[in-house]
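# Results of the structural survey
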Protein chains: 2
Amino acid sequence: MRATIKDIAKISGVSTATVSRVLNELGGYRPEVATKVLAVAKELGYRRNDSAVSLVKQATRTIGIVMPTVATSFYAQIINGIEDRAYQAGYSVILTHAGVNNVRLQESLNFMVERRVEGIIGVSINLAQIDLQAIAALAVPLLLLSAQAPGNRLPYVKVDDYAAAYAATTDLIDHGHRTIALVGVDPADSVAGRPRIAGYTAALQAAGLRLDRNLIFPGDYTFEAGQRAMTTILATPELRPTAVFAVSDETALGVIAVCYQAGLRIPQDLSVLGYDNSAIASMVSPALSTVAQPFYEMGQLAADKLITGLQTNQPIQSQIVPFKLIHRGTVSSL
Amino acid sequence: MRATIKDIAKISGVSTATVSRVLNELGGYRPEVATKVLAVAKELGYRRNDSAVSLVKQATRTIGIVMPTVATSFYAQIINGIEDRAYQAGYSVILTHAGVNNVRLQESLNFMVERRVEGIIGVSINLAQIDLQAIAALAVPLLLLSAQAPGNRLPYVKVDDYAAAYAATTDLIDHGHRTIALVGVDPADSVAGRPRIAGYTAALQAAGLRLDRNLIFPGDYTFEAGQRAMTTILATPELRPTAVFAVSDETALGVIAVCYQAGLRIPQDLSVLGYDNSAIASMVSPALSTVAQPFYEMGQLAADKLITGLQTNQPIQSQIVPFKLIHRGTVSSL
DNA sequence: TTGAAAGCGGTACCAT
DNA sequence: ATGGTACCGCTTTCAA
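The name an unreviewed UniProt entry gives chain A is LacI family DNA-binding transcriptional regulator, with Lapidilactobacillus achengensis as the organism.

Here is the structure:
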C-alpha cells in the first residue's frame with residue numbers, strides 16, 4: 001500500500017497536521033521538522049492522493065474534454081493546446097468521446113460530472129435544443145470549441161464561418177474566377193454548414209455573380225465528399241467551374257484526387273481552396289491554399305477562458321478567433 | 001452544492017447505507033424503498049462523487065496516457081483506440097504531455113500517481129535508463145505503445161520495425177530498384193531508428209546489393225527532414241537513388257515536395273515509400289505507398305492489455321503487432 | 001431489510 | 001510551532 005501522511009507522521013514523530021503543512025509549504029514549523037518530514041516522505045515514496053484532496057477541498061482541478069469519435073487530424077492540435085494551458089494552470093485534463101452523432105454524449109457528460117470536473121470543453125459538438133436542458137442540469141460550465149449551441153445559449157470559441165467563407169470566395173473571385181463550386185458542405189449543419197453557404201452566396205452576390213445552386217455540393221466535410229462532388233462535376237460538362245472552394249482540407253484533397261486521376265492539373269486546370277489549414281495542407285504537393293483555423297491557439301484560448309471563468313466565477317464570454325487565408329499552390333489566377 | 005447521499009437519505013427517510021445499496025443495486029431492500037430513493041435521487045439531480053468512491057474503494061478506474069507534445073497526426077487515432085476500449089471497460093482516461101524530449105516526463109508521471117491512475121500507457125515515449133528507476137518507484141503498471149524501454153524492462157505494444165524496414169526495402173528491390181535511399185531516420189533512436197536502419201541494411205545485403213552509407217539520411221521523422229534529404233540528393237548527382245524509403249509519411253511528403261518543386265514526377269522519376277499509413281497517406285495525390293501501422297487497433301490493444309493486467313493482476317506481455325505494406329501510387333517498377 | 005458507525009487520505013480550524 | 005480532530009462523500013461491516 002502506498003504511504004500516507006499518517007505513515008509519515010508516525011515515523012517523523014509529528015502530527016498529520018504538521019506533515020500536511022510541510023508538504024504544502026504552509027509555514028508554521030521549524031526548518032528541522034520540515035527537513036525530517038520531507039526526508040521521510042521521500043524515503044517512503046509518498047505521493048499525495050488527489051481523491052482525498054479533491055474530496056476535502058471540494059475542487060478537483062480537472063477539466064474535461066468531450067469530442068466526437070471521428071478522428072480528424074486537427075483534434076490532436078486542439079488537445080495539445082488545451083492540455084498545455086491546463087497544465088500551466090495546474091489543471092489536469094480528462095477526455096471522453098461523445099461517439100458518432102453524439103450517441104454517447106449524455107454518458108460522457110455524466111462521466112464528467114461524477115469525476116467532478118470543474119468545467120468542460122466540448123469540441124465540435126453540435127448540440128440540439130434538448131441537450132441544452134440536460135447540460136444546464138449538469139451545473140458545470142461548458143465551453144464550446146468550434147461549435148455553437150442553438151440560440152447561443154452556451155459560450156463558444158470559434159472562427160466566424162460566414163466571414164471566412166465570404167473572404168475565401170471573394171479571394172477566388174479576385175483571382176478572376178467566375179464559376180466557383182462550393183463542395184462538401186452540410187446544409188443541415190447550422191454552425192459550420194449554413195454560415196459557409198451564406199458567406200459563399202453573399203460574396204458571389206457582392207461581386208455581381210450569378211448563384212448557381214447546382215454548384216453547391218452537399219457533403220460531410222470528408223475526403224469522400226470531395227471525391228463524389230468532383231466526380232459529379234467532371235460528369236456534368238455544363239457546370240465547368242474554374243475553382244472549387246472545399247469546406248475542409250480533407251474535402252479539398254478528395255477533389256484533387258479525382259482531378260489527378262482524370263489528368264487535370266492543379267491549379268492550372270482547376271483552382272482548389274481548402275478550409276482548416278490542418279497539418280497536411282502544407283505537406284501535400286502542390287501545397288494546399290486554405291482558410292486557416294488556429295487550432296492549437298483555439299485549444300489554448302478555450303482552456304484559458306474556461307479556467308479563468310472557474311477562478312473568477314465570471315460567466316465566460318464567447319470569442320470569435322481570426323481565420324487567415326493562406327495562399328499556397330492550389331489557387332491560380334485566371 | 002451538489003446533492004449527496006445524505007440528502008437523499010434524509011429526504012427519503014432511510015439511512016445512507018440503504019441509499020448506497022439502492023444506488024448500486026446491491027439488493028437487500030424493499031422495492032418501494034428503492035423506488036422512493038431513486039425518485040429522490042433523480043429529483044435532486046444526484047451524481048455520485050467519484051473522488052469519494054475512489055478514496056474508499058482504493059480504486060480510481062482511471063488510466064493515464066502520456067505522450068510527447070509534438071502532435072503528429074496519428075496520435076488522434078491512438079487516443080481514439082485507447083479511449084474506446086477504456087470506455088467499454090468502464091475506465092476513464094486522463095491525458096498529459098511529457099513535453100518535447102520528455103522534459104515534463106517526471107512531472108507527468110507524478111501527476112498520474114497523484115491522480116492514482118491504475119495504469120499508464122506511454123505513447124512514443126523513449127525512456128532512458130534513468131527513467132526506468134523512477135518508473136519502478138512509481139509502482140504503477142506502465143505499458144509502452146510504439147516505444148520500447150532499454151533492455152525491454154517494460155511491456156510494449158509496437159510493430160517490429162526491423163521486420164517492417166526489411167520488408168519495405170525488399171519490396172522496393174522487388175520492384176527493380178537497386179539504389180535506395182533511407183531518409184529521415186534517427187540513428188540515435190534505438191527503438192525506431194536503429195532497427196529500421198538494420199532492416200534496410202539487411203534487406204540490401206540479402207539481395208546482394210552494396211550498402212552505400214551516403215544513402216542513409218539522418219533525420220527526425222519530420223516533413224523537413226524529408227525536404228533536407230531530398231535537397232541533398234538532388235545536389236549530389238553521384239548518388240542518384242531510384243527509390244526513397246522514408247521513415248514516416250510526413251518525411252515522405254517532404255521528399256515528394258522537393259521533387260515536385262524540382263519537376264521530378266512521382267513515381268516515374270523516383271519511387272517513394274512512406275511509413276505509418278497515417279490518414280494523409282491515402283489522401284494525397286498520388287496516394288502514398290507506405291508501411292501501415294494499425295494505430296487505432298494498437299490503441300485498443302494497449303488499453304485492453306493494460307486493463308486486463310489490472311484486473312487479473314498478471315504481468316502484461318509485450319506484443320508485436322503486424323505491419324502491412326500498402327501499395328498505392330508512389331512506387332513504380334523499374 | 002435496515003441503520004450505525006468506522007474508516008478511506010487528506011485539510012484546516014481551534015487549542016495549546 | 002504543533003497537535004487534536006471534525007469533516008469531505010461514500011462503502012461496507014456488524015448488529016439489530
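Picking up after the structure, the text goes on.
Next up on the list: the overall build of chain A. Of regular secondary structure, chain A possesses 12 helices and 12 strands. For 334 residues, the compact-globule estimate of 2.2 N^0.38 gives 20 Å, and the C-alpha radius of gyration of chain A, at 26 Å, exceeds that figure by more than 25%. Each of the three principal axes of chain A carries a C-alpha extent, and together these read 90 × 40 × 30 Å. With 334 residues in all, chain A has 57% of them scored as buried. Looking at chain A alone, contacts between residues at least 24 apart form 69% of all its contacts between residues at least 6 apart. Carbon together with sulfur atoms contributes 52% to the accessible area of chain A, which is approximately 14100 Å² in total. The centroid of the 28 positive side-chain charges in chain A is displaced by 8 Å from the centroid of its 27 negative side-chain charges.

A few words now on the relation of the copies chain A and chain B. Structural alignment of chain A on chain B gives an RMSD of 0.2 Å, achieved by rotating through 180° and translating 0.1 Å along the axis. The two molecules are tied by a two-fold rotation axis, judged by turn and shift. Here 100% of the contact residues of chain A are again contact residues in chain B; the copies associate through an equivalent surface.

Turning to the UniProt feature "domain: HTH lacI-type" (unreviewed entry) in chain A, a few remarks are in order. Those places that UniProt annotates as "domain: HTH lacI-type" (unreviewed entry) correspond, in this numbering, to residues 3-57 of chain A. Secondary structure across residues 3-57 of chain A divides into 69% helix and 0% strand, with the first and last C-alpha atoms of the span separated by 21 Å.

Okay, the pattern of salt bridges next. Counted by the stated rule, this structure contains 22 salt bridges over all chains. E83(A) is paired through a salt bridge with R104(B); the nearest N and O atoms lie 2.9 Å apart. Taken together, the residues span two chains, with E83(A) in helix α5 (residues 75-88) and R104(B) in the loop between β2 (92-97) and α6 (105-114). Considered together, E83(A) and R104(B) belong to a single accessibility category, that of buried residues. With a closest N to O distance of 3.3 Å, R265(A) and D269(A) form a salt bridge. According to the relative accessible area criterion, R265(A) is partly exposed, its value standing at 47%. We classify D269(A) as partly exposed; its relative accessible area is 33%. A cluster of three or more residues bridged by salt bridges with shared partners is formed by R48(A), D50(A), E114(B) and R115(B).

A separate point is the packing of helix α2 (residues 16-23) of chain B against helix α3 (residues 31-44) of chain B. All names here are of chain B. Contact geometry for α2 and α3: axes closest at 10 Å, N-to-C directions at 90°. Classified by the angle their axes make, α2 and α3 are roughly perpendicular. Counted together, T18, V19, V22 and L23 of α2 and V33, A34, V37, L38 and A41 of α3 form the full contact between these two elements. For the contact of α2 with α3, the residue count by class is 8 nonpolar, 1 polar and no charged.

In the vicinity of DNA strand D, 29 residues are found, and the nearest of them are R21(A), R30(A), I5(B), S20(B) and Y46(B). Expressed as a percentage, the sugar and phosphate content of the atoms of DNA strand D within 4 Å of the protein is 68%. Interatomic distance of 2.7 Å between a side-chain N/O atom of S20(B) and a phosphate oxygen of DNA strand D. Between N49(B) and DNA strand D, the recorded distance is 3.2 Å, taken from a backbone N or O atom to a phosphate oxygen. A breakdown of the residues in the surface near DNA strand D according to their chemical character gives 12 nonpolar, 10 polar and 7 charged.

Note on placement: T96(A) falls in strand β2 (residues 92-97). When the C-alpha atoms of T96(A) and M67(A) are compared, they prove to be 6.7 Å apart, with 29 residues separating the residues in sequence. Those residues in contact with T96(A), other than ones at most four positions away along the chain, are I65(A), V66(A), M67(A), S108(A), F111(A), M112(A) and E83(B). Among the polar contacts listed, one links the side chain of T96(A) to the side chain of S108(A), at a separation of 3.0 Å.

In this section: the sheet that holds strand β12 (residues 324-326) of chain A. One key point about sheets: their strands pair by backbone hydrogen bonds, in either a parallel or an antiparallel sense. All names here are of chain A. As summarised here, the arrangement of the 6 strands in space is β7-β6-β8-β9-β10-β12, forming an open sheet in which the pairing is mixed. Of all strands in the sheet, those with a lone pairing partner are β7 (216-218) and β12, marking the two edges. If you compare each strand with its neighbour and ignore which way they point, the axes differ by 20° on average. Across the sheet, helix α8 (residues 161-174) lies against β6 (180-185), β8 (243-246), β9 (271-276), β10 (289-292) and β12, angled at about 165° from β8, the strand it touches most. Sitting on the sheet, helix α9 (residues 194-206) is in contact with β6, β7 and β9, with an inclination near 175° to β6.

Thresholds, definitions, all that
Residues numbered from 1 in each chain as written. Chains lettered and ligands numbered in written order. Predicted model: local features only at pLDDT ≥ 70, side-chain atom pairs only at ≥ 80, totals over all residues. Heavy atoms only, no water. Helix = DSSP H or I, 4+ residues; strand = E, 2+ residues; numbered from the N terminus. Rg over C-alpha atoms; globule rule 2.2 N^0.38 Å. Buried < 20%, exposed > 50% of the residue type's maximum accessible area, 1.4 Å probe, protein only. Contact = heavy atoms within 4.5 Å. Areas by Shrake-Rupley, 256 points an atom, 1.4 Å probe, with all protein chains shown as cover. Lys, Arg positive; Asp, Glu negative; His and termini not counted. Charge placed at Lys NZ, Arg CZ, Asp CG, Glu CD. Least-squares fit on C-alpha atoms with pLDDT ≥ 70 in both. UniProt positions renumbered as here; feature names shortened; annotations may be inferred. Salt bridge = Lys/Arg side-chain N within 4 Å of Asp/Glu carboxyl O. Axes fitted to C-alpha atoms, helices over the stretch in contact; angles between N-to-C directions. Parallel < 35°, antiparallel > 145°, perpendicular 65-115°, else oblique. Nonpolar A, V, L, I, M, F, W, Y, C, P; charged D, E, K, R; others polar. Near = heavy atom within 4 Å. Polar contact = N/O pair within 3.5 Å; in protein donor to acceptor, adjacent residues only side chain to side chain. Pairing = 2+ DSSP bridges.

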